[in-house]
Structure formats: C-alpha cells, structure tokens
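Remarks on the overall topology
Letter by letter, the chains look like this.
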Amino acid sequence: DQQVKQNSPSLSVQEGRISILNCDYTNSMFDYFLWYKKYPAEGPTFLISISSIKDKNEDGRFTVFLNKSAKHLSLHIVPSQPGDSAVYFCAASDGNTGKLIFGQGTTLQVKP
Amino acid sequence: NAGVMQNPRHLVRRRGQEARLRCSPMKGHSHVYWYRQLPEEGLKFMVYLQKENIIDESGMPKERFSAEFPKEGPSILRIQQVVRGDSAAYFCASSPSAHSDEAFFGQGTRLTVV
C-alpha cells in the first residue's frame, strides 16, 4: 500500500525555467510533509517542509504548495539550475514519532 | 559538528553470512531511524530507536533483522543469514527529537549479497 506517491519517475527542464514536482498521499492523518534531494551514492538532504495547517511555504528558489482537499503537494523550483539535477523525494509524517513515509522519487534533470 | 556517520559505506557479504551496519548519530541526537532503499524504489522505514529503546519496529522484517542503540556507541542494524534480496542501500537518520524536519541522514551503507 503506497501511501505517498510520486507518479512521475523523471522530469527534464531547461535551465532558468520552473521545475514542478508533484506528490500525492492517501492518509489524511499525515500532518507534516517534507521534500528531500538526493545525489547518487549520498544520503537524502532536507530541502523544505510544510505543516498541514499551511498551504504554502517558501525558501529562496524553493516553494512547496499543499492542497489538503486533494491530498496533493508540489515542489516548485524557480529558476532551475543545473546543480538542481538530482532525485527528489516527497515524504510524509504523522508528527508523533518522526517516522517518514517516502514516495518513489522523481529524477530531475536541468539542462544548461 | 560531524554529520551522521555510517560505516562501512560498502559491504559485500556471501549468502548466509551476517551483516552489521553502524550508525553514529550527530552529537546531541538521541533519536535514530533506519531506512532501506531497494533498487529503483523510495526509502522504506525500518525501525526507530532512542537510547537503549526500540520505539517503533513496524518496518523491520520479522526474521533475521535486529537493531539496537546502546547507551554508549553507535546504533547497529544487524542482518543474519543474508540473502540476495537484502541487497540494498541502508540509510540512518538522527534527530534531537521526534520532529521530522530536524532529522539528518547519513550517506548510507550499500550492502551487496553475492
């Protein structure tokens, strides 16, 4: 049972344009959502998070949007840079234990 | 302040051997989480430990897998009698509390069972 889904395995965008990565979830008990970035042979690095009581959180070039009614969140990166090329994981938590449920990941390629 | 340290980075074991994966959390972090990433998949939660206690092991396979986080020393994920299906990347994360955005991940141990 995949509670967190990233339906796009890959995404390719041009440098300077916007990258939009999507994530859907099924469990309405999740109250915290996070995005991680991962390079090959390295551990995930925390990017940005959002509480379920909010619908938007922004940090520099990264913005996360949460639509609770649709159980959908998205990560916007603008402008995209070649160094953003990596695998992006969406994760959800119920906030009680810190345990994270991850999506399958989306590989982003930003072309110069 | 050193990050989360996992060792070894790469581990090769023959079928039937034991694998021991170590995780030293960041200084001041008493919460440790283990995740497994199979090829072409996302990370799957395995176990959550605080010092000397297993809090949640709902993601651990019922047999051959165990974890500990002693009062002194690193957290250990132990896999007995490894099989080829255990080949994966194993990641450890540590946190000063049970709040997710404070968790930092190690670089992982890549286990290959031959």
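Structural data are supplied above this passage.
Counting restarts for each chain: residues are numbered from 1 in the order of the written sequence. To read the labels, note that chains go from A and ligands from 1, taken in the order they are written. Only residues with pLDDT of at least 70 are given local features in this predicted model, and only at 80 or more are side-chain atom pairs given and counted; all residues enter the totals for whole chains, interfaces and linings. Computation of side-chain values covers all heavy atoms of the structure but excludes hydrogens and water.

Points about the overall build of chain A
Per the convention used, a helix needs a DSSP run of H or I reaching at least four residues, while a strand needs a run of E reaching at least two, with both numbered from the N terminus. When helices and strands are tallied, chain A shows zero helices and eleven strands. When the elements of chain A are put in sequence order from the N terminus, they spell out β-β-β-β-β-β-β-β-β-β-β. For the radius of gyration, the atoms used are the C-alpha atoms, and the globule rule reads 2.2 Å times the number of residues raised to 0.38. Computed over the C-alpha atoms, the radius of gyration of chain A is 13 Å, within 12% of the 13 Å expected from 2.2 N^0.38 for a compact globule of 112 residues. Principal axes of the C-alpha set define a box for chain A whose edges measure 40 × 30 × 20 Å. Under the scheme applied here, a residue whose accessible area is under 20% of the maximum for its type counts as buried, over 50% as exposed, and between as partly exposed, the area being computed with a 1.4 Å probe on protein chains only. Out of the 112 residues belonging to chain A, those deemed buried represent 44%.

Things to note about the side chain of Ser74 of chain A
Residues and elements named next belong to chain A. Mapped onto the fold, Ser74 is located in strand S8 (residues 72–77). At 3.4 Å, the side chain of Ser74 and the side chain of His76 are in polar contact. Only heavy atoms matter for contacts: two residues are in contact if any of them lie within 4.5 Å across the pair. Once residues within four sequence positions are removed from consideration, Ser74 is found in contact with Ile20, Leu21, Asn22, Trp35, Thr63, Val64 and Phe65. We define a polar contact as two N or O atoms separated by no more than 3.5 Å, with the added condition that, inside protein, one atom must be a possible hydrogen donor and the other a possible acceptor, whereas residues neighbouring each other in sequence contribute only through side-chain atom pairs.

Side note on the layout of surface pockets
Grid points spaced at 1 Å over the protein atoms alone were grouped into cavities, where a 1.4 Å probe fits but cannot get out, and pockets, open sets with protein on both sides within 12 Å along at least five of seven lines, with lining residues defined by an atom within 4 Å of a point. Grid points are joined across faces, edges and corners, and a volume is the space filled by probe spheres set on the points. For the largest pocket, the calculated volume is near 350 Å³. If you trace the largest pocket, you find 19 residues lining it, with Val87 and Phe89 of chain A together with Gln37, Glu40 and Glu41 of chain B closest to the centre. Amino acids outside the nonpolar list (Ala, Val, Leu, Ile, Met, Phe, Trp, Tyr, Cys, Pro) and the charged list (Asp, Glu, Lys, Arg) are all regarded as polar, and Gly is one of them. By residue class, the composition of the lining of the largest pocket is nine nonpolar, six polar and four charged.

Description of the state of the cysteines
Residue and element names in this part refer to chain B. Disulfides are defined in this document as cysteine sulfur pairs within 2.5 Å. Enumeration over the complete set of coordinates arrives at two disulfides over all chains. Paired through a disulfide, Cys23 and Cys92 show a sulfur-sulfur distance of 1.8 Å. Because the torsion about its S-S bond is -50°, the bridge between Cys23 and Cys92 counts as left-handed. Of this pair, Cys23 sits in strand S3 (residues 19–24) while Cys92 sits in strand S9 (residues 88–95), and the two are 69 residues apart along the sequence. Both residues of the pair, Cys23 and Cys92, count as buried.

Quick look at unusual backbone geometry
Here the amide bond leading from Val78 of chain A into Pro79 of chain A is cis, since omega sits at -10°, within 30 degrees of zero. The phi dihedral of Ala41 of chain A falls on the positive side, at around 65°, and the residue is not glycine. Looking at where Ala41 of chain A falls in the secondary structure, it is placed in the loop between strand S4 (32–38) and strand S5 (45–51). For Ala41 of chain A, a relative accessible area of 40% corresponds to the partly exposed category. Here the phi dihedral of Arg64 of chain B falls at roughly 75°; this positive angle occurs in a residue that is not glycine. With respect to the secondary-structure elements, Arg64 of chain B resides in the loop between strand S6 (53–56) and strand S7 (65–68).

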